[in-house]
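Listed below, chain by chain, are the residues.
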Amino acid sequence: MKRTIILALFAMSLALNANAQDKEKKTVEVPQWINNIKLSGYGMLQYQGEDKEGAHSNSFKLRLARFILDGKIGDFDWRAQIQGTNAKGPAEPTVQLVDLYAEWRKFPEFKVRVGQFKRAFTFENPTHPITQGWRGYADVINRLSGFGDRAGEKSSGGRDIGIQLSGDILPNANGRKLFHYQVGLYNGEGVNRADKNNQKDIIGGIWVMPIQGVRIGAFGWHGSHGGMVTAEGDNENVPLNRYCLSAEYDKDQYTFRAEYIHSQGWGTGVVGNNVINYDLGDKADGWYVFGIVPIIKSKLHAKARYQTYRVSKAWDSSVNQIECGLNYFFTKNLELHLEYSHVNDRNLVAGKHNYNSVDMEFDFRF
């Protein structure tokens, strides 16, 4: 009997010990930086139609899809963002890395960002495509801020590869910072491209925030484009100089913004092209002003925008647009945008300058 009890206790001891070892084997300590990784993203589905004379069109489109990884390692934040779009069509690559950077953020007064990210130029450029609230960024942002740029650079979503210093300083009595600065050194070639001429672009901006929700700023851009083909067929570096003046009020779901951009430097006028088009001249400018206001807070917003882009800094080369619409929020992560635009494009054949367009967009985030 005693022997039987001893054998039973010994068997139980072995079983408990084996079970404990199994549990110990299954316990894996995960590094903290992995726990800090966040996956997010969004999709933008679009319908567009226009009645341009001789070129009527209407189509459903997949405007944009992005998948984002954000993380934190010590005093560094990092981001990797991949974009898919049908901008070029299914026969060409439509997926690319748009963001890949790390930023040292130990001190809010002095942050350092390295990698591929938004250029330090204009208020609108770094605005989220959904939060921006329109069918697209203003023409002057697209043409003079590194999207489908006048200079011929391939569409880069306002991004480049480089290093940036930024910070918020001068706190008031309540601790709110009154002054922001940012300055960056970039290749000057857009996303996923090495420098062609070993000359870097310098871009910087400052703004003051005198009262809550208000920003008044100015930006400058000095750089060049390498490998530009002249009328003689030579490859040369072409200087590029731009400035921007900006003002914004953004508080309690009321958003008003206005920006003016001026550009000096020869361009091609065709995205992805490097042959200078001298007919465009070496100057361009443009501006926009818009307001978005809540009709029903967090549910329905009304909007209106006026914009002008002058490809040769002359009125006979201007594209002028008056736009209005509504944004409806099913939830904070699900939106429907409706928009009407009247366009006056003076680059078209005389008598055919004016046309209308409509846009409907269904956006979601996860």
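As the structure is a computational prediction, the values presented were derived from the model and not from experiment. Going along each chain's sequence as written, the residues are numbered from 1 onward. In keeping with the model being predicted, local features are shown solely for residues with a pLDDT of at least 70 and side-chain atom pairs are shown and tallied solely at 80 or more, while totals for entire chains, interfaces and linings include all residues. Water and hydrogen atoms play no part in the side-chain values, which are based on all heavy atoms of the structure.

Quick word on the overall build of the chain
So, point 1. Starting at the N terminus, helices and strands are each numbered in turn, a helix being any DSSP run of H or I of at least four residues and a strand any DSSP run of E of at least two. Summing up its helical and strand segments, the chain has 3 helices and 16 strands in all.
So, point 2. Buried residues are those whose accessible area, probed at 1.4 Å on protein chains only, stays under 20% of the maximum for their type, while exposed residues exceed 50% and partly exposed ones sit between those limits. Per-residue burial for the chain yields a buried fraction of 42% across its 366 residues.
So, point 3. A separation of at least 24 residues holds for 55% of the contacts in the chain among residues at least 6 apart in sequence.
So, point 4. Put simply, the chain shows about 19,200 Å² of open surface, and 61% of that area lies on carbon and sulfur atoms. Contacts are assigned to residue pairs with any non-hydrogen atoms lying within 4.5 Å of each other. Residue burial considers only the protein chains on display, and all accessible areas are found by Shrake-Rupley using a 1.4 Å probe.

Comments concerning the pairing of strand β14 (residues 318-331)
So, point 1. At least two bridges found by DSSP between two strands is the condition for calling them paired. Direction of pairing for strand β13 (residues 300-310) relative to β14: antiparallel, over a ladder of 11 bridges. Opposite A302, over in β14, you have L326 as the bridge partner.
So, point 2. Judged from the 12 bridges that link them, β14 and strand β15 (residues 334-345) form a sheet pairing that is antiparallel. Looking across to β15, one finds that F329 is bridged to E335.
So, point 3. Counting the residues between successive antiparallel strands, the hairpin from β14 to β15 contains 2 residues.

Describing the pattern of salt bridges
So, point 1. Here, a salt bridge means any Lys or Arg side-chain nitrogen found within 4 Å of an Asp or Glu carboxyl oxygen. Scanning the entire structure with this criterion turns up 23 salt bridges.
So, point 2. In this structure, the salt-bridge partner of R105 is D77, at a minimum N-O distance of 3.3 Å. Pair noted here: R105 is in strand β4 (residues 95-107) and D77 is in strand β3 (residues 76-84), with a separation of 28 residues, a long-range link.
So, point 3. Accessibility expressed as a relative area gives 37% for R105, which makes it partly exposed.
So, point 4. What makes D77 partly exposed here is its relative accessible area of 25%.
So, point 5. K200 is paired through a salt bridge with D195; the nearest N and O atoms lie 3.0 Å apart.
So, point 6. On the basis of relative accessible area, K200 is assigned to the partly exposed category, the value being 37%.
So, point 7. Accessibility expressed as a relative area gives 16% for D195, which makes it buried.

Observations concerning the environment of G136
So, point 1. With respect to the helices and strands, the residue G136 is situated in the loop between β5 (110-118) and α3 (139-144).
So, point 2. In this structure, the C-alpha to C-alpha distance between G136 and R63, residues 73 residues apart in sequence, is 9.7 Å.
So, point 3. In this structure, G136 is in contact with R63 and R305, ignoring residues within four places of it in sequence.

Everything listed here is a matter of coordinates, which is why it stays silent on function.
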